[in-house]
Amino acid sequence: MIATEGEFAGWRTWTRDTFESNSGPFWHRFDDDGSVRCAFRVEKKHLNGMKAVHGGCFMTFADYSLFAIAAHELDGPAVTVAFGAEFLDAAYEGELIEATGEVTRAGKSLIFVRGILKSGERPLFTFSGTIKRVKRRVPASEVADSH
């Protein structure tokens, strides 16, 4: 889905993952140089009891960002099989959080990605992850119906 209005007009989001949709909304765009930028605006629902962005929110957004950053390498369904992160600083309601990164290696079945979350120039969180390409499993009911 591409936003047509508001702060993220022209940015994309995925709606097939209800957890991410409920946690976000998270957005991404492809820049002219081929790089990917992801972002979200911190809302009250993203905060922990200390009124800072919950660590789980950073991790969910970073996982979303893994797939956006690797979008040019993906050619079908995939899952995260490894994820590492470092918390560097807190963020608060109203801040714009952005993620950038790179694919460090893309093989036949595994894609390795690393990135950073920032608010302005302030680093908040670094992450790396491994994505595994998977073949779509067809439910038995679909197999039976196809014969």
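> Residue-level account of the overall build of the chain, with values.
On a plain count of helices and strands, the chain comes out with three helices and six strands. Written out in order from the N terminus, the α and β elements of the chain read α-β-β-α-β-β-β-β-α. In terms of principal-axis extent, the alpha carbons of the chain reach across some 55 × 35 × 30 Å. A buried classification covers 32% of the 147 residues belonging to the chain. Carbon and sulfur atoms provide 52% of the accessible area of the chain, an area that totals close to 8800 Å². Of the side-chain charges in the chain, 18 are positive and 20 negative, and the distance between the mean point of each set is 5 Å.

> Pulling in residues and values, what's your account of the pairing of strand 6 (residues 122-133)?
Taken residue by residue, a regular strand's side chains alternate between the two faces of the sheet. Here strand 3 (residues 78-87) pairs with strand 6 via nine bridges, running antiparallel. Along strand 6, the bridge assignment pairs Ala78 with Arg133. Taken together, the ten bridges between strand 5 (residues 110-119) and strand 6 define a ladder with antiparallel strand orientation. Counterpart to Phe112 in the pairing with strand 6 is Thr130.

> Run through the pattern of salt bridges, naming residues and quoting values.
With the rule as written, the count across this model stands at eight salt bridges. With its nearest N and O atoms 2.4 Å apart, the salt bridge here joins Glu7 to Arg41. Taken together, the positions of Glu7 in the segment before helix 1 (18-23) and Arg41 in strand 2 (residues 36-41) put the pair 34 residues apart, joining distant regions of the chain. In this structure Arg41 comes out as partly exposed when scored by relative accessible area, which is 31%. As a salt-bridge pair, Arg37 and Asp31 come within 3.9 Å of each other at their nearest N and O atoms. Looking at Arg37, the relative accessible area reads 23%, which means it is partly exposed.

> Give me the lowdown on the environment of Lys108, citing residues and values where you can.
Turning to its location among the elements, Lys108 is positioned in the loop between strand 4 (96-106) and strand 5. In this structure the C-alpha to C-alpha distance between Lys108 and Arg133, which are 25 residues apart in sequence, comes to 8.1 Å.

> Run through the packing of aromatic side chains, naming residues and quoting values.
For the structure shown, the criterion picks out eleven aromatic pairs. Judged by centre distance (5.7 Å) and plane angle (10 degrees), the rings of Phe8 and Trp27 are stacked. Of the two residues, Phe8 sits in the segment before helix 1 while Trp27 sits in strand 1 (residues 27-30), which places them 19 residues apart along the sequence. In terms of burial, Phe8 and Trp27 fall into one category: buried. Summarising the aromatic geometry, the rings of Phe58 and Phe125 are spaced 5.5 Å apart at their centres and angled 50 degrees between planes, so their arrangement reads as tilted.

> Can you lay out the sheet that holds strand 4 for me, pointing to particular residues and giving the numbers?
Read from one edge of the open sheet, six strands run 1-2-4-5-6-3, paired in antiparallel fashion. Among the strands making up the open sheet, the edge pair consists of strand 1 and strand 3. Strand-to-strand twist of the sheet, defined as the mean angle between neighbouring strand axes without regard to direction, takes the value 25 degrees. By the bridge criterion, eight bridges tie strand 4 to strand 5 in an arrangement that is antiparallel. Directly across from Gly101, in strand 5, lies its bridge partner Gly115.

Calculation notes
- Residues numbered from 1 in each chain as written.
- Predicted model: local features only at pLDDT ≥ 70, side-chain atom pairs only at ≥ 80, totals over all residues.
- Heavy atoms only, no water.
- Helix = DSSP H or I, 4+ residues; strand = E, 2+ residues; numbered from the N terminus.
- Buried < 20%, exposed > 50% of the residue type's maximum accessible area, 1.4 Å probe, protein only.
- Areas by Shrake-Rupley, 256 points an atom, 1.4 Å probe, with all protein chains shown as cover.
- Lys, Arg positive; Asp, Glu negative; His and termini not counted.
- Charge placed at Lys NZ, Arg CZ, Asp CG, Glu CD.
- Pairing = 2+ DSSP bridges.
- Salt bridge = Lys/Arg side-chain N within 4 Å of Asp/Glu carboxyl O.
- Phe/Tyr/Trp six-rings, centres within 6.5 Å; stacked < 30°, edge-to-face > 60°.
- Axes fitted to C-alpha atoms, helices over the stretch in contact; angles between N-to-C directions.

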